[in-house]
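Reading the structure
One-letter residues, chain by chain:
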Amino acid sequence: MTEERDSERRRRPWGRRVLLVLAVLWALGLTAFVVLRGADPAAPVARPSPSPSPSGPLTPAQVYQAVAPSVVLIQASGGSSDVDHSRRTRSSAALGTGVIANADGTVLTAFHVVEGAGTILLTFADGTRSAATVATSSAALDIAALTPATPPDLIVPAALGATPAVGDDVVAIGNPLGLTDTTTSGVVSGLNRNVPRSGAAPLKGLIQFDAAVNPGSSGGPLINDAGQVVGIVVALLNPTDAGTFIGVGFAVPIGAAVGASEGDGRVPPL
């Protein structure tokens, strides 16, 4: 009898443990049932999604990085690098700027940079150099399209945009006074401006801007904050005898520039 009581005492702790485990499992099962019963089986499952790409206006530094590979240094013998049309001068070695506007390497520039030039030499952003010829031009708009004899292996045409609005941010890239790859920024100051020229009809329908340009900037791109070329720099205005920038520059709208012709029905090959 005593032995049976001792055996029963030894079995009691194990029995209590089994009951405790069963109670815990029952509680867990009940909790799961309640949670699942309240869940909406039709509810979509949340999945990770990629973060949206940054958007918005580019900074002047970002504009430069985007468009600089399309900007060209132009050296022309017998041309003019003066962008002040009211005091146009001639020089034996003109310096100007251009921008690649087509995948075939066509370069847009100001006509006065290459006007009367015996030779035209282009230096591309990668250092490639090439002779060039005038494919077509418009003296009335002061626009010329150049064809390089030996384009670079990698041609990077600039993106072209629409005419900007007054107050829009713009960036100019060029080679003023021989300082290559100079970048300046400002805003569009006015539209449809007319600029007088010595011995020629005024330039009409120009974009006025206040990003600094100087002789050597002629033919360079005027760029919006989306990295698109909106104009070709052709002139500056200075009421003094100094042909330098005082805050008023002008560009031919890109739409007019790519449609320029000399009256023979041809247009730049863009």
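This text gives an overview of the structure that appears in the document. Every chain is numbered independently, its residues counted from 1 as its sequence is written. The predicted origin of the model limits local features to residues at a pLDDT of at least 70 and limits the giving and counting of side-chain atom pairs to 80 or more, whereas totals for whole chains, interfaces and linings rest on all residues. Excluding hydrogens and water, the side-chain values take into account all heavy atoms of the structure.

Section: the overall build of the chain
- The way it works is that DSSP assigns letters per residue, a run of H or I at least four long becomes a helix, a run of E at least two long becomes a strand, and they are numbered from the N terminus. Regarding its fold elements, the chain presents four helices and 12 strands.
- Only protein chains enter the area calculation, which uses a 1.4 Å probe; residues under 20% of their type maximum are buried, those over 50% are exposed, and those in between are partly exposed. The proportion of buried residues among the 270 residues of the chain is 38%.
- Long-range contacts, defined as pairs at least 24 residues apart, comprise 61% of the intrachain contacts of the chain with a sequence gap of at least 6.
- All accessible-area figures derive from a Shrake-Rupley calculation using a 1.4 Å probe, and residue coverage is judged against the displayed protein chains alone. Within the structure as shown, the chain displays about 14,300 Å² of accessible surface, and the carbon and sulfur contribution to it stands at 59%. The criterion used for residue contact is that any of the two residues' heavy atoms lie within 4.5 Å.

Side note on the environment of N238
- The residue N238 is located in the loop between strand 11 (229–236) and strand 12 (249–253) in this model.
- We classify N238 as buried; its relative accessible area is 3%.
- Each C-alpha atom, one on N238 and one on V248, is 7.6 Å from the other, the two residues being 10 residues apart in sequence.
- Among the polar contacts listed, one links the side chain of N238 to the side chain of T240, at a separation of 2.7 Å. A 3.5 Å cut-off defines polar contacts: any pair of N or O atoms within that distance qualifies, except that in protein one atom must be a possible hydrogen donor and the other a possible acceptor, and neighbouring residues in sequence count only when both atoms are side-chain atoms.

Examining the sheet that holds strand 4 (residues 120–123)
- Strand order in the closed barrel formed by six strands is 1-2-3-6-5-4, and the pairing between neighbours is antiparallel. Across this sheet, the average inter-strand angle for adjacent strands is 40°, counted without regard to direction.
- Each pair of strands is called paired provided DSSP finds at least two bridges between the two strands. For strand 4 and strand 5 (residues 129–138), the ladder comprises three bridges, and the chain directions are antiparallel. By the bridge assignment for strand 5, L122 is matched with S130. Axis geometry follows a simple rule: fit a line to the C-alpha atoms, using only the stretch in contact for helices, then measure angles between N-to-C directions, giving values from 0 to 180 degrees.

Remarks on the pairing of strand 10 (residues 221–224)
- Burial along strand 10 is two-sided: P221 and I223 and L222 and N224, pointing in opposite directions, are all buried.
- Looking at chain direction, strand 7 (residues 169–174) and strand 10 are connected through three bridges and run antiparallel. Within strand 10, the residue paired with V170 across the bridge is N224.
- In the sheet, strand 10 pairs with strand 11 via three bridges, with the strands oriented antiparallel. Note that in strand 11 the partner of L222 across the bridge is G231.
- Two successive antiparallel strands, strand 10 and strand 11, enclose a turn made up of four residues, where G227 displays a positive phi of approximately 80°.

Considering unusual backbone geometry
- Phi is positive for D142, which is not a glycine, with a value near 60°.
- Within the secondary structure layout, D142 lies in the loop between strand 5 and strand 6 (143–148).
- You will see that L177, though not glycine, has its phi angle at about 55°, which is positive.
- Within the element layout of this structure, L177 appears in the loop between strand 7 and strand 8 (182–197).

Remarks on empty space enclosed by the protein
- Cavity means a closed set of points on a 1 Å grid over the protein atoms alone, one where a 1.4 Å probe fits but cannot get out, pocket means an open set with protein on both sides within 12 Å along at least 5 of 7 lines, and lining means a residue has an atom within 4 Å of a point. Grid points are joined across faces, edges and corners, and a volume is the space filled by probe spheres set on the points. In the structure shown here, the tally under the stated rule is one cavity of 30 Å³ or more.
- The calculated volume of the largest cavity comes to roughly 40 Å³.
- Taken together, A172, I173, G174, P176, T182, T183, T184, A212, V213, S217 and V233 form the lining of the largest cavity.
- Counting only elements with at least two residues in the lining of the largest cavity, the list comes to strand 7 and strand 8.
- Broken down by class, the residue content of the lining of the largest cavity amounts to six nonpolar, five polar and no charged. Residue type decides the class: Asp, Glu, Lys and Arg count as charged, Ala, Val, Leu, Ile, Met, Phe, Trp, Tyr, Cys and Pro as nonpolar, and the leftover types, Gly among them, as polar.

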